[in-house]
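Given next are the chains, with one letter for each unit.
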Amino acid sequence: MSDIVNQAVVILNEKLSTADFDGTAKFDIKNEGAIMMDSSGARAGDEPADVTLSADADTFQSILDGDTNPTAAFMSGKLGVDGDMGMAMKLASVLA
């Protein structure tokens, strides 16, 4: 896995540790890899999920850093969402 994925797993586990997230989500980072998130935390992986969020590494990093709102990234076309939109909204609140 790439350094970006490995660093993101650590950050996402911190964010998920205090969140009530009960679904499965996948973050597909273009040319870097994928991260799976569920009630047990985040890990590198590429499995089926309730919702898949797709973005380039810069957009993903900006969302993790809190510089970009996930909803704004989606509305501007920088973040793709495939699957359960309700789960995507729940995840957006975890990332904010």
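Refer to the structure printed above.
Residues numbered from 1 in each chain as written. Predicted model: local features only at pLDDT ≥ 70, side-chain atom pairs only at ≥ 80, totals over all residues. Heavy atoms only, no water.

Trainee: Which residues make up the side chain of Thr52, and what values go with them?
Mentor: The residue Thr52 is located in strand β4 (residues 51-55) in this model. When neighbours within four sequence positions are excluded, Thr52 is seen to be in contact with Lys26, Asp28, Gly80, Val81 and Asp82. (Helix = DSSP H or I, 4+ residues; strand = E, 2+ residues; numbered from the N terminus. Contact = heavy atoms within 4.5 Å.)

Trainee: Give a description of the sheet that holds β4 that names residues and reports values.
Mentor: What the 5 strands build is an open sheet, ordered β3-β2-β1-β4-β5; its pairing is mixed. The open sheet is flanked by β3 (41-44) and β5 (80-83), the only strands paired with a single partner. Put simply, the sheet's adjacent strands are angled 20 degrees from each other on average, direction ignored. Inspection of the sheet shows strand β2 (residues 33-38) paired to β3 by 4 bridges, in the antiparallel sense. Within β3, the residue paired with Ile35 across the bridge is Ala44. (Pairing = 2+ DSSP bridges. Axes fitted to C-alpha atoms, helices over the stretch in contact; angles between N-to-C directions.)

Trainee: With reference to specific residues and values, describe the packing of aromatic side chains.
Mentor: Aromatic rings considered in pairs are described by the distance between their centres and by the relative angle of their planes. Under the counting rule described, the total for this entry stands at 1 aromatic pair. With 4.3 Å between their ring centres and 65 degrees between their planes, Phe27 and Phe60 make a pair best called edge-to-face. One end of the pair, Phe27, is in strand β1 (residues 25-29); the other, Phe60, is in helix α2 (residues 57-65), and 33 residues separate them in sequence. A relative accessible area of 1% places Phe27 in the buried class. Classification of Phe60 as buried rests on a relative accessible area of 1%. (Phe/Tyr/Trp six-rings, centres within 6.5 Å; stacked < 30°, edge-to-face > 60°. Buried < 20%, exposed > 50% of the residue type's maximum accessible area, 1.4 Å probe, protein only.)

Trainee: Could you give me a rundown of unusual backbone geometry, with the residues and numbers involved?
Mentor: Phi is positive for Asn31, close to 65 degrees, though the residue is something other than glycine. Structurally, Asn31 can be placed in the loop between β1 and β2.

Trainee: Before we move on, can you summarise a nonpolar patch on the surface with the specific residues and values?
Mentor: Residues Phe74, Met75, Met85 and Met89 make up a contiguous nonpolar surface patch of roughly 420 Å² in combined accessible area. Elements represented by at least two residues in the nonpolar patch include exactly α3 (70-75) and α4 (85-95). Along the polypeptide, Met89 turns up in helix α4. (Patch = residues over 30% accessible without salt bridge, like charges linked within 9 Å, V, L, I, M, F, W, Y side chains within 5 Å. Areas by Shrake-Rupley, 256 points an atom, 1.4 Å probe, with all protein chains shown as cover. Salt bridge = Lys/Arg side-chain N within 4 Å of Asp/Glu carboxyl O.)

Trainee: Give a detailed account of the environment of Gln7, specifying residues and quantitative values.
Mentor: Relative to the helices and strands, Gln7 is located in helix α1 (residues 3-17). A relative accessible area of 49% means that Gln7 is categorised as partly exposed. Put simply, Gln7 and Glu32 are 25 residues apart on the chain and 12 Å apart in space, counted from C-alpha to C-alpha.

None of this, on its own, says anything about what the molecule does.
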